Amino acid sequence: MDFKIREDRGQAPGRRALVREREEYFRLMDQGVSSREACRIVGINRRTGKRWRNGRQATGSTRGAPPVRRPLPSGGPSRYLREADRIYIADRLREKASIRQIAAELGRSPSTISREIRRNGTLWRGKDWVYRPHAAQSRADARRPRPKPGKIGQNPELRDFIQHHLERRWIPEQICQALRARFPDRPEMHVTHETVYQALYVQGRGELRRELAKALRTGRTMRRPHRQSYRRRPRMSKDMVMISERPAEAADRAIPGHWEGDLIIGKAHKSAIGTLVERSSRFVALVHLPDGRQPAQVRDALIQTVSALPAQLRRSLTWDQGSEMHLHKDFSTATDMPAFFCDRAAPGSAARTRTRTVCCGSTSPRAPTWPATPARSWTPSRPS
């Protein structure tokens, strides 16, 4: 190792930055050395290494500091523009090359080059727009460190205003609207409600007092994630018999009387029609839903359609876990026909028995055509 610990390690370096020590510290960390051991080898305090990695929050009279940006490898492709790329852009701009030419030569998108010039360029003497590569690199380096200090933590007046209104049990949306109404000409006092939520819930920010989260109307001290499949509640959690318990005779299509149903939604979700397909003969029955597709309406329409069938053709019905079958127990009681349901996110064979049916003047894209045996459409007569 060509790195040598400095002799004056017991003295403060003053304004001289520990550049080589910092590089050696991060190199050791990349090799799997622990932070404690890397600090001992380099000859720095453990708090210094922690501050290099995580930054420092502003507390009292102590100013905050962002994490130290670790140097990127010089070779190989990178998603970020490097200093060499910026020097090349500046040279080509002096040669009056177009943005598309520069982008093609660097293998970048033209929008990337245009955005780089617009964000990191400067005005020369207040009139001419110039692009200086080293200044552009400095601006990009200053914007890159994460996490960035929040807007609420940098403005004590804004923080006090939000905390005061949270104690009055205002919701973040109301606080944001009040800020815009109270300070219309001060954009530094304008925040979104998401900024307030992050200052409350995100750990490590410390911009708002954690106990203020209890003042929210939900009363939650932690954020509840949405759209997580393992936390979704089934639509019919009671008395639902799964397809795995369906009789084996329904799987081989040998005995008629086992049906599979589905719901076809029309244009703009304004109309719907049900389909019943007999697994053995591929016989198709349409279930009319002129008044809507609520559970009670679907139940009544299914009972009316299935009641017109002979008793030997009413052995079972398989459906997906759509909310329209919420009253499946009433259907089974009225028709003496058990209902089975497909597994969540795996409709299985029910998806293969759909037929291409015209619903209220529009063809549903959900239903494929029959590959082999043509389906015979039949609808029981409706009482006048």
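Note that the structure is predicted; figures quoted are calculated from it, not measured.

**Looking at the pattern of salt bridges**
If you walk through the whole model with that rule in mind, you get 13 salt bridges. Salt-bridge contacts for Glu 37 lead to Arg 40; the nearest nitrogen and oxygen are separated by 2.4 Å. Taken together, the positions of Glu 37 and Arg 40, both in helix H2 (residues 35-42) and three residues apart, correspond to about one turn of that helix. Of the residues examined, Arg 40 reaches a relative accessible area of 52% and is grouped as exposed. A network of salt bridges, in which partner residues are shared, links Arg 92, Glu 95 and Glu 105.

**Some words on the nonpolar core**
Grouped together as the largest cluster of nonpolar side chains are 22 residues, with contacts concentrated most on Trp 259, Leu 276, Leu 302, Leu 317 and Trp 319. Counting residues per element, the ones that place at least two in this core are strand S3 (258-265), strand S4 (272-278), strand S5 (283-288), helix H12 (295-307), strand S6 (316-319) and strand S7 (339-341). No other element matches H12, which puts five residues into this core. In contact with Trp 259, not counting residues within four places along its chain, are Leu 276, Val 277, Glu 278, Phe 283, Ala 285, Leu 309, Leu 313, Ser 316, Leu 317, Thr 318 and Met 337. Ranked by size, the runner-up nonpolar core spans 21 residues in total, among them Leu 166, Cys 176, Leu 200 and Tyr 201.

**Quick notes on the pairing of S6**
The alternating pattern of S6 places Ser 316 and Thr 318 and Leu 317 and Trp 319 on opposite faces, both of which are buried. One ladder, built from three bridges, connects S3 with S6; its direction is parallel. Within the sheet, the bridge partner assigned to Glu 260 lies in S6 and is Thr 318. Examined bridge by bridge, S6 and S7 share three bridges and lie parallel to one another. In the sheet register, Trp 319 faces S7, and the bridge partner there is Phe 341. Where the polypeptide runs from S6 across helix H13 (residues 328-335) and back to S7, its parallel neighbour, the crossover connection is right-handed.

**So, the pairing of S3**
Along a regular strand, successive side chains alternate from one face of the sheet to the other. Burial analysis of S3 places eight of its eight residues in the buried class, which makes it a mostly covered element. Neither face of S3 is exposed, since His 258, Glu 260, Asp 262 and Ile 264 on one face and Trp 259, Gly 261, Leu 263 and Ile 265 on the opposite face are all buried. Bridging between S3 and S4 involves seven bridges; their strand directions are antiparallel. Following the sheet pairing, Glu 260 is matched in S4 by Val 277.

**A look at a positive patch on the surface**
A contiguous patch of positive charge on the surface is contributed by Arg 36, Arg 46, Arg 47 and Lys 50. Within the fold, Arg 46 resides in helix H3 (residues 46-54).

**Overview of the side chain of Glu 278**
In this fold, Glu 278 is placed in strand S4. Here Glu 278 sits buried without a salt bridge, and the closest side chain of opposite charge, Arg 279, lies 7.2 Å off (N-O distance). A distance of 2.8 Å separates a polar atom in the side chain of Glu 278 from the backbone nitrogen of Gly 257. If we skip the residues at most four places from it in the chain, Glu 278 touches Ile 255, Pro 256, Gly 257, His 258, Trp 259 and Phe 283.

**Comments concerning the packing of helix H1 (residues 19-30) against H3**
Contact geometry of H1 with H3 gives a least axis separation of 11 Å together with a crossing angle of 80 degrees. With respect to each other, H1 and H3 are oriented roughly perpendicular. Facing H1, whose interface residues are Glu 21, Arg 22, Tyr 25, Phe 26 and Met 29, H3 presents Gly 49, Lys 50, Trp 52 and Arg 53.

**Considering the packing of aromatic side chains**
For the structure shown, the criterion picks out four aromatic pairs. Seen in terms of ring centroids, Phe 161 and Phe 183 are 6.0 Å apart; in terms of plane orientation they differ by 75 degrees. Their pairing is edge-to-face. Of this pair, Phe 161 sits in helix H9 (residues 156-167) while Phe 183 sits in the loop between helix H10 (172-182) and helix H11 (193-201), placing them 22 residues apart in sequence. We classify Phe 161 as buried; its relative accessible area is 10%. When the centroid spacing of 6.5 Å and the interplanar angle of 85 degrees are considered together, the rings of Trp 259 and Phe 283 count as edge-to-face. You can see Trp 259 sitting in strand S3 and its partner Phe 283 sitting in strand S5, a full 24 residues away along the chain. Classification of Trp 259 as buried rests on a relative accessible area of 2%.

**Re the packing of H9 against H10**
In contact at an axis separation of 11 Å, H9 and H10 are set at 130 degrees when each is read in the N-to-C sense. By the angle class used here, H9 and H10 are oblique. Where H9 crosses over H10, the two elements pack in a sense that is right-handed. Two secondary-structure elements touch here, H9 through Leu 158, Phe 161, Ile 162, His 165 and Leu 166 and H10 through Ile 175, Ala 178, Leu 179 and Arg 182. Classifying every residue of the contact of H9 with H10 gives seven nonpolar, one polar and one charged.

Procedures and definitions
- Within each chain, residue numbers correspond to sequence positions counted from 1 in written order.
- In view of the model being predicted, local features appear only for residues whose pLDDT reaches at least 70, and side-chain atom pairs are presented and counted only at 80 or more, with totals across whole chains, interfaces and linings using the full set of residues.
- The side-chain quantities take in all heavy atoms of the structure and omit both hydrogens and water.
- For salt bridges, the criterion is a side-chain nitrogen of Lys or Arg within 4 Å of an Asp or Glu carboxyl oxygen.
- Helix numbering and strand numbering both begin at the N terminus, where a helix is a DSSP run of H or I of at least 4 residues and a strand a DSSP run of E of at least 2.
- Partly exposed residues are those whose accessible area sits between 20% and 50% of the maximum for their type, while under 20% is buried and over 50% is exposed, using a 1.4 Å probe and protein chains only.
- What is meant by a nonpolar core is a set of buried Ala, Val, Leu, Ile, Met, Phe, Trp, Tyr and Cys residues, joined one to another through side-chain atoms within 4.5 Å.
- Whether two residues are in contact is decided by their heavy atoms, any of which lying within 4.5 Å being enough.
- Only strands that DSSP links by at least two bridges are regarded as paired with each other.
- If the strands point away from the viewer and the path from the first strand over the helix to the second runs clockwise, then the crossover is right-handed.
- For patch detection, residues must exceed 30% relative accessible area and be free of salt bridges, and they are connected within 9 Å for like charges or within 5 Å for nonpolar side chains (Val, Leu, Ile, Met, Phe, Trp, Tyr).
- Using the Shrake-Rupley algorithm and a 1.4 Å probe, accessible areas are obtained, with residue cover drawn only from the displayed protein chains.
- Counted as positive: Lys and Arg. Counted as negative: Asp and Glu. His and the chain ends are not counted at all.
- Each charge is placed at NZ for Lys, CZ for Arg, CG for Asp and CD for Glu.
- Any N or O atom pair separated by 3.5 Å or less is treated as a polar contact, with the protein-specific requirement of one donor-capable and one acceptor-capable atom, and with residues adjacent in sequence counted only for side-chain atom pairs.
- Lines fitted to the C-alpha atoms define the axes, with helices restricted to the stretch that makes contact. Angles between their N-to-C directions range from 0 to 180 degrees.
- For classification purposes, an angle smaller than 35 degrees is called roughly parallel, one larger than 145 roughly antiparallel, one from 65 to 115 roughly perpendicular, and anything else oblique.
- Ring geometry is summarised as follows: Phe, Tyr and Trp rings, the Trp one being its six-membered ring, pair when their centres sit within 6.5 Å, and such pairs are stacked at plane angles under 30 degrees, edge-to-face over 60 and tilted between the two.
- In a left-handed crossing the near helix is turned counterclockwise from the far helix by less than a right angle, and in a right-handed crossing that turn is clockwise.
- Throughout, the ten residues Ala, Val, Leu, Ile, Met, Phe, Trp, Tyr, Cys and Pro are labelled nonpolar, Asp, Glu, Lys and Arg are labelled charged, and all others, Gly among them, are labelled polar.

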